[in-house]
Amino acid sequence: MATPSFAVADDSPGDNVVETAPPVDDTAFPTESPEPTPRAATPAPKPVSATATVPAGTRSVRWGDLYPDATGPDAASLADLEVTVSQTEQLTNQGIEISWRNARPTSLGEFATDYLQIMQCWGDDPSGPLPTQCQWGAPTSSITTLIGLRTGSRDLVRNEDPAQVYDATVRIPPPPDNPFANVFRVPFQAVDGTRTFAPGDFFDSTTSNEVTAVRTGADRTGSVLFEVQTALEAPHLGCGASNEGSPRSCWLVIVPRGTFNLNGQNATTASAAGRILGSPLSATAWAQRIAIPLGFQPLTRSCALGSEERRVAGAETISAAITRWQPALCDGGTTFGFSMIGDGEARRLIVRDDPTASKLAFVTSVFPEEERQGATIKYAPVAQSAIVVAYNIDYALNSESAIAARNGTRVGELVLNARLVAKLLTQSYRNDIPDGGVIGGVTNNPVSIVKDPEFLRLNPDFRDFGINAFPPGLVVALGGSDANALVWQWLRADPLARGFLAGVADEWGMRIHSAYDALDLDVTPTDTFPKADLSTLQEDPAPPPGFGTLDMRPYAADYQEAALRALRGESGARTAWDPTRLPPSYVSTGVQRPGARFMIAIVDAPSAARFGLRTAKLVNAAGQAVAPTAESISATIASATPDAATGVRTIDPSLVKGGTYPLSVPIYAAVNYCGADTAALADYKKLLDYAVGAGQVAGDASGQLPDGYVPLPAVDVDAAKAVTASFATASTTCAIPTSPAIEEPNFDDFGEDFGSGGALPIDGPVPTAFPEVETVRAVASVPAGIGPVGFAAALALGVPSMFAGAILSRRARRLLDDEEALFD
């Protein structure tokens, strides 16, 4: 975190004067390099008044309606600006889309004039927040070179803004050795009252959700994804935390910047750079703000004290729905806890001979016979969803492109076929390999997917993308899951993708990375996404062996983290050597700036929806590019033939039928019917009856079905109710389970000295006095000096599955922590 500073990092020398004698008038003392005298400066727009307050629940605001009597040089160009927010109520940590129209196009190539600045603020005053209450002033290094002085900071220059008061409230306390220094900055005040001139104590460029500058296209429209943060991500804002019994509301503040500086000068002629100057927190800029109230879901809810807890388990594909349903189930007298674990672990859990283990697991496929272990498993449909290729991509076209005016705005459509996904998953593009593909034998492959003729045939708008516009790989989750296995099934079901995985070059000569060719992915089932490249790249001053695949293209812990990374434009790569760290190590290369993002990730549909990501159309077996819509997901699942014994529908990605989405996922509650006791079955009935009843109502509120799921058809609801109705007769239809008899060992077999210091015979029988207790412990041992090369090799040979338990356990612990907060 940053520490208090008396120099402005992005200012030229002299913008904030350091004086050697006390000034006569502190607010009027000139700077060393004063800005030019205003030429016929026009009064700034009138500040927000009570009549300009935006009501709670507002999603669309027209600037001219807020300020009908506004004056000032930018007032006319801002009058018709209309901003729309995708969601303003029932918020959590998520992505929302902010779009606008009727704005003046942003200057080309940089953020000189006419752009928007966006931030999140706290503030209990219904008229809106103060500048001191906003999370602002931590721009990324990639954007500071494209904006005017102080436009990305909290710093002020005396006399730059005629409407700003330069007094002790914005004057940084001078150091003892220079008591007359006059350096000004808008302080940050946290929700707990802490006030500081060093906002880095609370947030920095890696944690702040501020959008320093975002572009308006030539068609006068624009949009951006914005991460909403709660008190869990930004405690200093406190959004959603309890405030007098209700979740604290916060504010989305949008400051439009025009063509004129704070002093009324036209920025295009006021300086050689032609960029507007000054912080959006300065009085004149702040008076142009649009402040929209944000309503949050409670971060804590309490079930009745003494309520029985009933634990259930399952894969991540159901976690978003369970999290929504849990609070609404409190009234039923039972607190339901959810452990997010791998599919295989969930299946093994409910058939385990352990009365304390959950006997209900949420799964996406029927139990293999060897895993069922003779147990009677009943399957109740609870949800429909999908695995998606989510993206957050901004246009980054060459200046001579016919559609260059779209630069900096969001790409609205992406089409991928199975072979393109196979290329991404196998590091077959040169930019996804530390050494550029020398070891993998792919030096003749395209540098990135953007330069792949197959990709461009499906996505012609990308033909004019610049050479530096490409994704930092395909972000995937670590660990195994049935959902991941479905992705590979889709690839193997496609003849071209299967051929590529088998080593067959595409029509343009592109081949699979040789390390993956050796894995036989065309015929070998897998439920993980291995990273098999063993190359490294070492550049001075970093020591050998340099960074490897896991540094350059790291895993996400789960789908949710992968989606959040895509929203933030943060791949997680650590390829920048920092010799100042102790010990020296590779660090993050930073986040992509808004307007220049290019992120692709494989996630579940609820995670994509939560974080506002768009989803690619996938080419199905019928040759159609189909988006994961409610209609296509329902059609795909309805087309699957139910298993005669269980009723479970298994998705077949090779199904040739129009309108189907190949990665659709039906989700079932699998119940060990005869292994659960009567009380457990009664609780499971409460949960499942709610899930297929009120839990199927789509919406943003607690208890409702989140975006990314499709409500069940009536036939599935009836099937689920038939399953839960059968729970009442389990005691009569199932034999009462008994514990296996334990045979007492015959100690005479071990000799007369056994038990009194005698030694067991090496080849004699070992007594088993207690049932075996299953204990799983994954330990990764990396020999000293092996570095990323050996570690990547281990991953290629199956370590993703070994580490899955550790990561999923960590995720499960995180969910449990959230749950404890939820029901505390």
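Criteria and cut-off values
- Each chain has its residues counted from 1, following the order in which its sequence is written.
- Restriction of local features to residues with pLDDT of at least 70 applies here, the model being predicted, together with a cutoff of 80 or more for giving and counting side-chain atom pairs; totals for whole chains, interfaces and linings are based on all residues.
- As a rule here, side-chain values cover all heavy atoms of the structure and leave hydrogens and water aside.
- Under the scheme used here, helices are H or I runs from DSSP no shorter than 4 residues and strands are E runs no shorter than 2 residues, and both carry numbers assigned from the N terminus.
- The rule is simple: take the accessible area with a 1.4 Å probe, protein chains only, and divide by the maximum for that residue type; under 20% is buried, over 50% is exposed, in between is partly exposed.
- Whenever a pair of cysteine sulfur atoms sits within 2.5 Å, that pair is classed as a disulfide.

(A) Representation of the environment of Leu550 in the model. With respect to the helices and strands, Leu550 occurs in helix α14 (residues 549–552). Residue classification places Leu550 among the buried residues on the basis of a relative accessible area of 19%. For the pair Leu550 and Thr575, spaced 25 residues apart in sequence, the C-alpha separation works out to 10.0 Å.

(B) Geometry of the state of the cysteines. A complete count under the given rule lists 3 disulfides for this structure. The residue that forms a disulfide with Cys121 is Cys134, at a sulfur-sulfur distance of 2.0 Å. Its S-S torsion of about 100° marks the bond between Cys121 and Cys134 as right-handed, since a negative value means left-handed. Placement of Cys121 in strand β4 (residues 115–121) and of Cys134 in the loop between β4 and α3 (141–144) is noted, with a sequence separation of 13 residues between them. Each member of the pair, Cys121 as well as Cys134, carries the same accessibility label: buried. Note on cysteine connectivity: Cys239 is disulfide-linked to Cys250, with sulfurs 2.0 Å apart.

(C) Representation of unusual backbone geometry within the structure. Put simply, Asp540 and Pro541 share a cis peptide bond, and its omega is 10°. On the secondary structure map, Pro541 appears in the loop between β21 (536–537) and β22 (547–548). A cis amide bond links Pro544 with the next residue in sequence, Pro545, at an omega value of 5°. Looking at the element boundaries, Pro545 is found in the loop between β21 and β22. Located in the positive-phi region is Asp114, a residue other than glycine, with phi close to 60°. Looking at the element boundaries, Asp114 is found in the loop between β3 (94–101) and β4. For Asn159, which is not glycine, the phi dihedral falls at a positive 75°. Tracing the backbone shows Asn159 in the loop between β5 (155–156) and β6 (184–185). Judged by relative accessible area, which is 44%, Asn159 ranks as partly exposed.

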